[in-house]
Amino acid sequence: MASSLLPDLPDLGAGSPAAGPAPMRTRQPWAGPLSSVPPTVLLAGALLLVVVAVAVAPGLFTAGSPTTTHPLAALRGPSPAHWLGTDQLGRDLLTRILYGARPSLLLGFGSTVLSVVGGAALGLAAALGGRAADHLLMRLADILLALPALLLALLVVTVLGPGTGNVMTAIGIAFVPGYARLVRAEALVVRRSGYVESAVALGLPRRRIVLRHVLPNALAPLLTLATVGFGTALISASGLSFLGLGPAAPSPEWGALLFAGRDFLQTAWWLGVFPGTAVTTTVIAVNVVGRFAQQRFTRRTTR
């Protein structure tokens, strides 16, 4: 009865003319692959791309020579002619820093590769080689881990002698124990997983199980950790070069630049500040990108 007393109202549905124009659709924000990456990580990644480009082709960023001396222009401060000043032999410091990116990155990358390969080999041998091999290799790793990595690298390079290859080898050996323990732990988890037990039950060869199942899954977290380890290796290599154990003069490697400018810090501050800034900025960028990659990998594996 109440409904008969109400006037007939027009249908105000979406398709009715009385409803007026349909509301504007709001555009969804851009959801590209980089939308979830924090700006700091993007900035760090862009900086690393620039550093890599400088290391690959430093001649594209400067027309000068890193070894040509100009005694009359020695120890000049930053100016329009020399943006970062000159060193004690009149060489342009910016040019030397740009050309020093290649040997510095090669030292960090080479030592990281050596430590990852050595750690993976020892970790897999400990996890798959039986109880005796596990006990022996892990006790050796514990002994090496008891020493600070830089001190262990300094001991190794003292025995081998100074030089680029020896510094790379020393840093690689110093970081092997940490990678070995990580690979061993991951390999033990993978070895007890259901798909590996199923492969064993099906009678698959041991070599095939290790190469196809254990090795890829055990090494996956190692790659993200190696990104952070690269920054640590880079700063360790610069530290050994600063002590005079790295590349010899006139190499423009960043640690060697710090070593050469240590006697002029009071009269030419730029000889220590700018090479040190190059090392610090690159290591921070590597750590930011590496930590982000490590977090993303951890979230993906825990889902």
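Our structure's up above, just so we're on the same page.
Fair warning: this is a prediction, and the values are worked out from it, not measured in the lab.

1. Things to note about helix α2 (residues 93-128)
Compared with an ideal rise of 1.5 Å per residue, which puts 36 residues at 52 Å, α2 spans 51 Å between its outermost C-alpha atoms and is within 8% of the ideal. At the N-terminal boundary of α2, the capping side chain belongs to Asp 92, with an oxygen 3.4 Å from the backbone nitrogen of Leu 94. Taken from the residues just after α2, Gly 130 is the one with a positive phi, measuring 105 degrees.

2. Quick notes on the nonpolar core
With 32 residues, the main nonpolar core has Val 167, Ile 171 and Val 214 as its most contacted residues. Elements supplying a minimum of two residues to this core: α2, α4 (149-160), α5 (164-191), α6 (194-201) and α7 (206-242). When residues of this core are assigned to their parent elements, the largest contribution, 10 residues, is made by α5. The contacts of Val 167, once residues within four sequence positions are left out, are Leu 107, Val 157, Ala 237, Leu 240, Leu 245 and Gly 246.

3. Quick notes on the environment of Val 167
Mapping Val 167 onto the fold places it in helix α5. For the pair Val 167 and Ser 238, spaced 71 residues apart in sequence, the C-alpha to C-alpha distance is 9.8 Å.

4. Quick notes on α5
Here α5 spans 39 Å end to end across 28 residues, near enough to the 40 Å set by a 1.5 Å rise per residue. A maximum bend of about 40 degrees is found in α5 at Val 176, where proline Pro 177 lies one to four positions downstream.

5. Section: the environment of Pro 221
Note that Pro 221 resides in helix α7. On the accessibility criterion, Pro 221 (11% relative accessible area) is buried.

6. A few points about the packing of α6 against α7
At a minimum axis distance of 11 Å, the contact between α6 and α7 shows a crossing angle of 170 degrees. In terms of axis orientation, α6 runs roughly antiparallel to α7. In this structure, α6 contributes Tyr 195, Val 196, Ala 199 and Val 200 to the contact, and α7 contributes Ile 209, His 213, Val 214 and Asn 217. Per-class residue counts for the contact of α6 with α7 are 6 nonpolar, 2 polar and no charged.

7. Quick notes on the packing of aromatic side chains
Scanning the model with the defined rule gives 2 aromatic pairs in all. Ring geometry for Trp 269 and Trp 270: centres 5.7 Å apart, planes at 80 degrees, overall edge-to-face. Given the relative accessible area of 7%, Trp 270 is considered buried. With 5.6 Å between their ring centres and 50 degrees between their planes, Trp 269 and Phe 274 make a pair best called tilted. The lysine or arginine in question, Arg 262, covers the ring of Phe 259, its NZ or CZ lying 3.9 Å from the ring centre.

8. A look at the pattern of salt bridges
Taken as a whole and assessed by the stated rule, the structure comprises 5 salt bridges. For Arg 91, the salt bridge identified is with Asp 87, shortest N-O distance 2.8 Å. Of the two residues, Arg 91 and Asp 87, both sit in the buried class. Between Asp 134 and Arg 184 there is a salt bridge whose closest N-O contact spans 2.6 Å. You can see Asp 134 sitting in helix α3 (residues 131-145) and its partner Arg 184 sitting in helix α5, a full 50 residues away along the chain. The structure contains a network of salt bridges with shared partners spanning Asp 87, Arg 91 and Arg 96.

9. Details of unusual backbone geometry
The amide bond that connects Ala 249 to the next residue, Pro 250, takes the cis arrangement and shows omega of 5 degrees. Even without glycine at this site, Leu 75 takes up a positive phi of about 55 degrees. You can call Leu 75 partly exposed: its relative accessible area is 31%.

10. Observations regarding the side chain of Ser 104
Mapped onto the secondary structure, Ser 104 falls in helix α2. By relative accessible area, which is 1% here, Ser 104 ends up buried. The contact partners of Ser 104, leaving out residues within four places of it in the chain, are Leu 234, Glu 253 and Trp 254.

Calculation rules
Residues numbered from 1 in each chain as written. Predicted model: local features only at pLDDT ≥ 70, side-chain atom pairs only at ≥ 80, totals over all residues. Heavy atoms only, no water. Helix = DSSP H or I, 4+ residues; strand = E, 2+ residues; numbered from the N terminus. Expected span 1.5 Å × (residues − 1). Polar contact = N/O pair within 3.5 Å; in protein donor to acceptor, adjacent residues only side chain to side chain. Core = buried A, V, L, I, M, F, W, Y, C linked by side-chain atoms within 4.5 Å. Buried < 20%, exposed > 50% of the residue type's maximum accessible area, 1.4 Å probe, protein only. Contact = heavy atoms within 4.5 Å. Bend = angle between axes of the 7 residues up to and from the residue. Axes fitted to C-alpha atoms, helices over the stretch in contact; angles between N-to-C directions. Parallel < 35°, antiparallel > 145°, perpendicular 65-115°, else oblique. Nonpolar A, V, L, I, M, F, W, Y, C, P; charged D, E, K, R; others polar. Phe/Tyr/Trp six-rings, centres within 6.5 Å; stacked < 30°, edge-to-face > 60°. Lys NZ or Arg CZ within 6 Å of the ring centre and 35° of its normal. Salt bridge = Lys/Arg side-chain N within 4 Å of Asp/Glu carboxyl O.

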